[in-house]
Structures are given as structure tokens and as C-alpha cells.
Amino acid sequence: LQVICVFFFSSRRRHTRFLPVSWARRCVQETGINAEYMGIQQQQMTNKIYSDVFSYKTQKLQIAATLAGLDYEIVYLKMEDFKKPEFLAKNPNGKIPVLETPQGILLESNAILRYIARTALNTGLYGVNSYENSCVDQWLDWVSNELDPVIFQIVIPILGYSSPDTNTYLDARNNYYRIFTILENHLRQHTYMVGHQLTIADISVAVILVFAFRLCFGEKDRQRFPSIVRHTLTVASLQNFQRFCGRLIICKKEFSPFSELPIEHNDKQKEAKNPKQYQQQQPKKESKKEENS
């Protein structure tokens, strides 16, 4: 077998076309000849996403990967698996999600999200030019640093995982309205977060807002922030979104960790006369240039 290998590969790669593929693969296994040198296309390893079954960050990755046409396998882990040596070898931080690619390991959900979008630039998931790429990055960072924390400051006490005092919850609620006002002002002028089509920035915003719509984004809030509602309903109506996040559930009235909500809504705020107006609102025509915050 080694003699055959020397004969076929001593005169460069062109001779490999005479070698049966099954023989060539056996040559690789038994003689250690480099497969790339032999001209044999190796079967690519499937991308693997390591996660638990509850991770909303993994849901973002699954939606984006499906839209990008990226083949992947999901590996669900239990909490105790995060500290096992085999998983710590992949991510020393012991956190999920983790993406294992043929090239290596990727950590941090936003980095993985960008990688997925870059594998299919023709889809526009990462924008259509370098400026939109940067705008997508901008909003991904904003969601992680501003929107995610302020929603969980409200949601975690509602779910009973913490017991804040009234003043702390009131401060969190006021910060919640401040962040939502920023998002509302942007979406009032834009159909999507960036450009004129869906990007991973839209996915990132909509997935975290699922928690708000279920628990703390009540009817008065929806009247106050109609552009946020319009955008969320648009993204949540996508088949691939519902496949991983389920149908969007909207609470009629916000929940509270207290017997009564310790914050009064600003009733002086102009509200829609028709409670269903936010569903019918049409987005304004987008400006040609993105706002640069």
C-alpha cells in the first residue's frame, strides 16, 4: 500500500485522479499522508452549539443559523455539565452558549452571532455594507449592555428570584422606561434596527423583549411605545422565530413582585385612543442614512 502511495503521489497531486477514493482514504489512515496534499476533500465537521434548554441567547443563534442556512447540531447540557473537565476544555468560563466549528471554538453569544451572519453575507443579516456592519455591532452591544440588564432587573424579581425593596424596584422601573424610550425613538424612524431588512440586531432585540411582553410590558406600556410593539410583532411573526421562541405571549397587565405595583404610570403621557392602534401603526419611511448614536 505504501508503494502505491509513493507511486501516485511522487509526481504531484494530478495523479490522484487515478486513485479510487476508498483507497485514498485508506492511504491517509495507514500511512499518514496529508489529505489536503492528496487532493481529497474531507467531510467537514458539523458545527455544534452547546447550551441548556432555557438559554434565550441560544435561541438567537438558532434563529440566525437557520436564516443563514448554516448546518449545526445542538448539544443540550445540564447545569452540572458546565463544570466538567470536557466542557471547561471548550470554555474555561463554564458558560453557554459555545459554538464548536471546524476551525475551532467560539465563545460569547454576540461573537457567535456575528460569525453566523458572516457565513451568509448575501442574506443581509449583518447589513449590506461596512457602515451597516458597524451599526449592527453598535446595537448588539447596546442590547447586551443596556436592554438586557434593565429587563432582567424587572423580570427577575417578578419571577421570585430576588426580593428588592420598593425604592430599588422603582429605580429599576424608571431606568426601564428610559431605555425603552431610546428604542422607541429609533424605531419610530426605522422599520428595522439597521437598514431596510432584518438583521441579527432585530433578532437580538426581539428575543429579549419576549420576556418583557410576557411579564412587564402591559397595555399602558404598549400604548406608550407603539413602535416597539410594531417591530416586535413583525419579528415574532417569522416562522423561524416562532420555531425556537414559540408564539409571542402578551400580558394584559404587567406583573409585580409586590401586591400592588409600586409605581404609578404617567397618565399624562399621550396614549392611543384605540387600544389596538399599536398593531395597525405603519412605520414611517426610513431615512436613507442610519442614525449614529
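Every residue gets a number counted from 1 within its own chain, in the order that chain's sequence is written. Owing to the predicted nature of the model, reporting of local features is limited to residues with pLDDT of at least 70; listing and counting of side-chain atom pairs is limited to 80 or more, with chain, interface and lining totals taken over all residues. Computation of side-chain values covers all heavy atoms of the structure but excludes hydrogens and water.

Draft legend 1. Here's a closer look at the packing of helix H7 (residues 130–158) against helix H8 (residues 166–187). It is at 10 Å that the axes of H7 and H8 come closest, and there the two elements cross at 145°. When the axes of H7 and H8 are compared, the crossing they make is left-handed. Listed contacts from H8 to Trp 139, Trp 142, Glu 146, Leu 147, Val 150, Ile 151, Gln 153, Ile 154, Pro 157 and Ile 158 of H7 are Tyr 169, Ala 172, Arg 173, Asn 175, Tyr 176, Arg 178, Ile 179, Phe 180, Ile 182, Leu 183 and His 186. Under the grouping applied here, Gly and all other residues not named as nonpolar or charged are polar, the nonpolar ones being Ala, Val, Leu, Ile, Met, Phe, Trp, Tyr, Cys and Pro and the charged ones Asp, Glu, Lys and Arg. Among the residues forming the contact of H7 with H8, the class breakdown is 15 nonpolar, three polar and three charged. Interaxial angles span 0 to 180 degrees and are taken between N-to-C directions of axes, which are lines fitted to C-alpha atoms, for helices over the stretch in contact. Where helices and strands are cited, they refer to DSSP runs of H or I of at least four residues and of E of at least two residues respectively, numbered from the N terminus. Each helix crossing is assigned a hand: it is left-handed if the near helix lies turned anticlockwise from the far helix by less than a right angle, otherwise right-handed if that turn is clockwise. Residue contacts are counted whenever heavy atoms from the two residues lie within 4.5 Å of one another.

Draft legend 2. Looking closely at the sheet that holds strand S4 (residues 105–107). The sheet built from four strands is open, its strands ordered S2-S1-S3-S4 with mixed pairing. On the outer flanks of this sheet lie strand S2 (72–76) and S4, each paired with one strand and no other. The sheet shows a mean angle of 20° between the axes of neighbouring strands, taken without regard to direction. A pair of strands is labelled paired if DSSP reports no fewer than 2 bridges between them. Where strand S1 (residues 47–51) and S2 come together, five bridges link them in parallel fashion. Counted as the bridge partner of Lys 48 is Glu 73 from S2. Running over the sheet, helix H4 (residues 56–68) touches S1 and S2 and is turned about 165° from S2. Set on the sheet, helix H6 (residues 109–118) makes contact with S1, strand S3 (98–100) and S4; between it and S4 the angle comes to about 125°.

Draft legend 3. Local environment of the pairing of S1. Exposure categories follow from relative accessible area, calculated using a 1.4 Å probe and restricted to protein chains: below 20% of the type maximum is buried, above 50% is exposed, and the middle band is partly exposed. Counted residue by residue, S1 has four buried out of five residues, so it is predominantly covered. Alignment of S1 against S3, held across three bridges, turns out to be antiparallel. When the sheet's bridge partners are listed, Lys 48 is paired in S3 with Glu 100.

Draft legend 4. Geometry of the environment of Ala 212. Of note, Ala 212 is situated in helix H9 (residues 200–215). On the accessibility criterion, Ala 212 (0% relative accessible area) is buried. Distance from Ala 212 to Glu 254, taken between C-alpha atoms, is 8.9 Å for residues 42 residues apart in sequence. Sequence-distant contacts of Ala 212, that is, excluding residues within four places in its chain, are made with Ile 151, Phe 180 and Phe 217.

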